[in-house]
Each structure stands twice: as structure tokens, then as C-alpha cells.
Amino acid sequence: MPELPEVEVVRRGLVSWVRGRTITGVEVVDPRSVRRHALGPEDFAGNLEGARVLDVVRRGKFLWLPLADTPAAGPGGGPSGPAAGTPVPAVALMAHLGMSGQLLMQDSSVADEKHLKVRLQLSAADGMPEQLRFVDQRIFGGLFLTSLIPTADGGPGGLAETPLPLIAEEAAHIARDPLDPYFSFEEFYRRLRARKTGLKRALLDQGLVSGIGNIYADEALWKARLHFARPTDTLRRAEAGRVLDAAREVMTEALAAGGTSFDSLYVNVNGASGYFDRSLNAYGREGKECKRCAAAGLASVMRREQFMNRSSYSCPVCQPRPRNGRW
Ligand SMILES: [Zn+2]
């Protein structure tokens, strides 16, 4: 499952290839990959053809491409009206990467990938591939069209090149992610305290803060020296700030490590960036020494505990189990 930094790498890569281009053709190779589009593959294709891609936006792990019907205005603005060249989009193409979804930029001459599901033909652009291909081996991901609606707080829908106060309807229920400049710590802290749950459960709650998955939750908790079962209503402001800063740091580091992967034509995500092997301090380190304790000359072995049908990794010394922990 791709985590937020991988999706952000895809967003940054994709936007440089598709922004401003018109979708001139759509081929749904496998209807299962557009099954979330309720009106069917023909409606999906019919609505996409002729649409211009205005941007690529991300909130949490949600990724969407706002679309405009109107033709692009030439350089220097359109022929008439103040809104020429800056149409307000009402519809977006949503890309769910699922477990194995990939968005690839390819030239028409490149043979189809084995698991090619949807092909979008794009208007010609200097030195750029003509096709955006959605490839998905396990078919958990998919593409569909969705409405753009005003954001609840009036801020931008998510990270974008040209932020607009609109959000894809499917993403409207999730909170802002820690990398979003409009993320409000005050609101997060107030709602966290009111949750009366365990800290990790709260971090994974996309309605409270989005984009933190199991791996980054463990990494952030380790960095903040907090146990995952810590009751949220006992968290002090400084502790909540620490864990959020830690989440931001580990995701920013991962983003920097993944930043080279879009030098090629491939805008690619498969959930496994090299970052995970090199830089993890907690996740998957059961039985190994705690790096922080070892650096301080303390002997401590990382433990794994069952949590929400998954595992949580922590250090028994610097992340002691709280009294009355909530699992
Ligand atoms: Zn430790």
C-alpha cells in the first residue's frame, strides 16, 4: 500500500507531464478498473474525452485531477471575459492506486504493459509522451470521475500547483494531512483530546489527520517517544506537537528519498520505496536493538505487539506502556 510520500512523489511527477493537456482519447481495457464509476465505462470515457487536465491535487493518500471542459486560452489570456484561461473545474478524475496501481507516461510506440487497464491519449506536447496509462496488477485500485465541492474550511482542497478551495467529493470526509500548509494544529489537538482513544488509533483516523499509515505511525511514535496505547485525553499539547512534528519529519525524509524516482518517464508507485529499507527506526525491527537507546549506551530490544489486527513496533525503554492504555 503506498503511503503519503509515495503518493506525493506521483503527484509531483504527474503534474509536470499532464498539466494543461487535453485528453483526446480514452480506452478502458479492463472495466473492473473503472467499476467505481457508477455510470459505466462508456460514460467514463465519454466524459473524459475533450477534457483538459488543470492540475494534480493530493490530500492524504487521495489523488485527483481537476478537469475543465473549456479549451485552453492562448498565452496572454483568452479572447474575452475575466475568467478566460482560468476555468473553475466542477469535475475531477480520481486515481485510486490501491495496492499495486501505477500511473505511467508512455509513448504510443511502447508496447502495452501486461496489466494495462486504462489508456488516456493526451494532446501533443513538446518532448512528452502521448499516453497516460493506468496499470494495476491486483485491481484494488481504479479510476473514476467525481464532483468537486467547496472545502469545509474554505482553504485549498489539498496540495496542488494552483490551489483552489475545491475538493473531490470522495476525499471531503478526510482531514488535512501533516504536510498540508493549511493543517491546523489547534483543531487537531482539540479533537484529539476529545477522542478518548489510543494515540495510534487516533493517528490512523483519517477524519482526524489524514495520510498517516501503519508504518509512519510507528515511526512517528518512536521518534516522539510515545507509546501507541497512550490515552489521547491525557496528551499534553507538547506531546501532541511532538508526535505530529515527528510524522512530518519522517514523511519529509521519505519524500526526499523518493524524489529521484520521477526523473524517468515513469511516474510509478508500488508501495516500496528504497527509503523503507534504509531508514526505519521502529517498523519491522522486532528483536533488534533500539537505535536511540543503543546510542545512549542502554540495552533495549524492540518489541512487537498486536494492534488492530496488525503489529505495532516500539521500544520498551523509551516508549513505556502507559497506565490505562487504550489499544
Ligand atoms: Zn529505546
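As for the overall build of the chain
Counting its secondary structure elements, the chain contains eight helices and twelve strands. The proportion of buried residues among the 327 residues of the chain is 52%. Restricting to contacts in the chain with at least 6 residues of sequence separation, those with at least 24 account for 67%. In the form shown here, the chain has an accessible surface area of approximately 14,800 Å², with 52% of it arising from carbon and sulfur atoms.

Remarks on the coordination of the zinc ion
By definition of the ideal shapes, a tetrahedral metal site with four donors has angles of 109.5 degrees and an octahedral site with six donors has angles of 90 or 180 degrees. Each protein donor to the zinc ion is listed here as Cys-290 (SG), Cys-293 (SG), Cys-315 (SG) and Cys-318 (SG); together their distances run 2.2 to 2.3 Å. Because the angles between the four donor atoms bound to the zinc ion fall within 100 to 119°, the donor set is best described as tetrahedral. Written as a sequence motif, the donor residues of the zinc ion are C-x2-C-x21-C-x2-C. Of this pair, Cys-290 sits in the loop between helix H7 (275-279) and helix H8 (291-295) while Cys-318 is found in the segment after strand E12 (310-314), placing the two residues 28 residues apart along the sequence. Assessed through its relative accessible area of 0%, Cys-290 is described here as buried. Under the relative-accessibility criterion, Cys-318 is labelled buried at 15%.

Details of empty space enclosed by the protein
Taken as a whole and judged by the stated rule, the model has one cavity of 30 Å³ or more. Its boundaries defined by the atoms lining it, the largest cavity holds a volume of some 50 Å³. In terms of lining, the largest cavity is formed by Leu-14, Leu-65, Leu-93, Ala-95, Leu-103, Val-118, Leu-120, Leu-132, Arg-133, Phe-134 and Leu-143. The set of elements that each furnish at least two residues to the lining of the largest cavity consists of strand E5 (91-96), strand E7 (116-122) and strand E8 (131-136). Top element by residues in the lining of the largest cavity is E8. It accounts for three residues. Here the lining of the largest cavity is built from residues that sort into ten nonpolar, no polar and one charged.

A closer look at the nonpolar core
Ranked by internal contacts, the top residues of the largest apolar core, which has 33 residues, are Phe-188, Leu-192, Ile-212 and Met-251. Elements represented by at least two residues in this core include exactly helix H1 (4-18), helix H3 (185-195), helix H4 (199-203), helix H5 (214-224) and helix H6 (237-258). Considering every element that reaches this core, the biggest residue donor is H6, with nine residues. Those residues in contact with Phe-188, other than ones at most four positions away along the chain, are Phe-183, Leu-203, Leu-208, Val-209, Ala-240 and Leu-244. By size, the runner-up hydrophobic cluster in this structure holds 30 residues, among which are Ala-45, Ala-51, Ala-95 and Leu-145.

Here's the deal with the confidence of the model for the chain
Summarising the model, the chain shows a mean pLDDT of 88, and 88% of its residues fall at 70 or more. Put simply, H7 is where the chain has its lowest mean pLDDT, 58, and strand E1 (residues 23-28) is where it has its highest, 98. Low confidence marks residues 72-83, where pLDDT is under 50. Its contacts with residues over four positions away, or in another chain, come to five contacts. Within the model, the stretch residues 259-275 combines pLDDT values under 50 with 38 contacts to residues more than four positions away or in other chains.

Describing the packing of aromatic side chains
All told, the structure shown has five aromatic pairs when counted by the stated rule. A centroid spacing of 5.9 Å and a plane angle of 10° characterise the contact between Phe-185 and Tyr-189, whose relative ring orientation is stacked. Placement of the pair is Phe-185 and Tyr-189 together in helix H3, with a separation of four residues, close to one helical turn. Look at Phe-228 and Phe-307: their rings are 5.1 Å apart centre to centre, the planes differ by 65°, and that puts the pair in the edge-to-face class.

Describing the environment of Asp-112
Tracing the chain through its elements places Asp-112 in the loop between strand E6 (101-106) and E7. C-alpha separation for the pair Asp-112 and Arg-133, spaced 21 residues apart in sequence, amounts to 8.9 Å. A polar side-chain atom of Asp-112 sits 2.9 Å from a polar atom in the side chain of Arg-119.

So, the pattern of salt bridges
Opposite charge on two side chains permits them to pair, given that their charged atoms come into close proximity. Enumeration over the complete set of coordinates arrives at 27 salt bridges. In this structure, the salt-bridge partner of Glu-8 is Arg-12, at a minimum N-O distance of 2.8 Å. Here Glu-8 and its partner Arg-12 are both found in helix H1, four residues apart, which amounts to about one turn of the helix. Classification of Glu-8 by relative accessible area gives buried; the value is 0%. Given a relative accessible area of 38%, Arg-12 falls into the partly exposed group. Measuring nitrogen to oxygen at the nearest pair gives 2.9 Å for the salt bridge that ties Asp-153 to Arg-176. With Asp-153 in the loop between strand E9 (142-150) and strand E10 (166-168) and Arg-176 in the loop between E10 and H3, the pair connects residues that are 23 residues apart, well separated along the chain. Residue classification places Asp-153 among the exposed positions, given a relative accessible area of 51%. Among the charged side chains, a salt-bridge network with shared partners connects Glu-8, Arg-11, Arg-12, Arg-58, Glu-161 and Asp-177.

How each quantity is defined
Residues numbered from 1 in each chain as written. Predicted model: local features only at pLDDT ≥ 70, side-chain atom pairs only at ≥ 80, totals over all residues. Heavy atoms only, no water. Helix = DSSP H or I, 4+ residues; strand = E, 2+ residues; numbered from the N terminus. Buried < 20%, exposed > 50% of the residue type's maximum accessible area, 1.4 Å probe, protein only. Contact = heavy atoms within 4.5 Å. Areas by Shrake-Rupley, 256 points an atom, 1.4 Å probe, with all protein chains shown as cover. Donors = N, O, S within 2.8 Å, 3.2 Å for Na, K, Ca; no water. Tetrahedral: all angles 85-135°; square planar, octahedral: opposite > 155°, others 65-115°. 1 Å grid on protein atoms, 1.4 Å probe; cavity = no way out; pocket = protein on both sides within 12 Å on 5 of 7 lines; lining within 4 Å. Points joined across faces, edges and corners; volume = space filled by probe spheres on them. Nonpolar A, V, L, I, M, F, W, Y, C, P; charged D, E, K, R; others polar. Core = buried A, V, L, I, M, F, W, Y, C linked by side-chain atoms within 4.5 Å. pLDDT = per-residue confidence, 0-100. Phe/Tyr/Trp six-rings, centres within 6.5 Å; stacked < 30°, edge-to-face > 60°. Polar contact = N/O pair within 3.5 Å; in protein donor to acceptor, adjacent residues only side chain to side chain. Salt bridge = Lys/Arg side-chain N within 4 Å of Asp/Glu carboxyl O.

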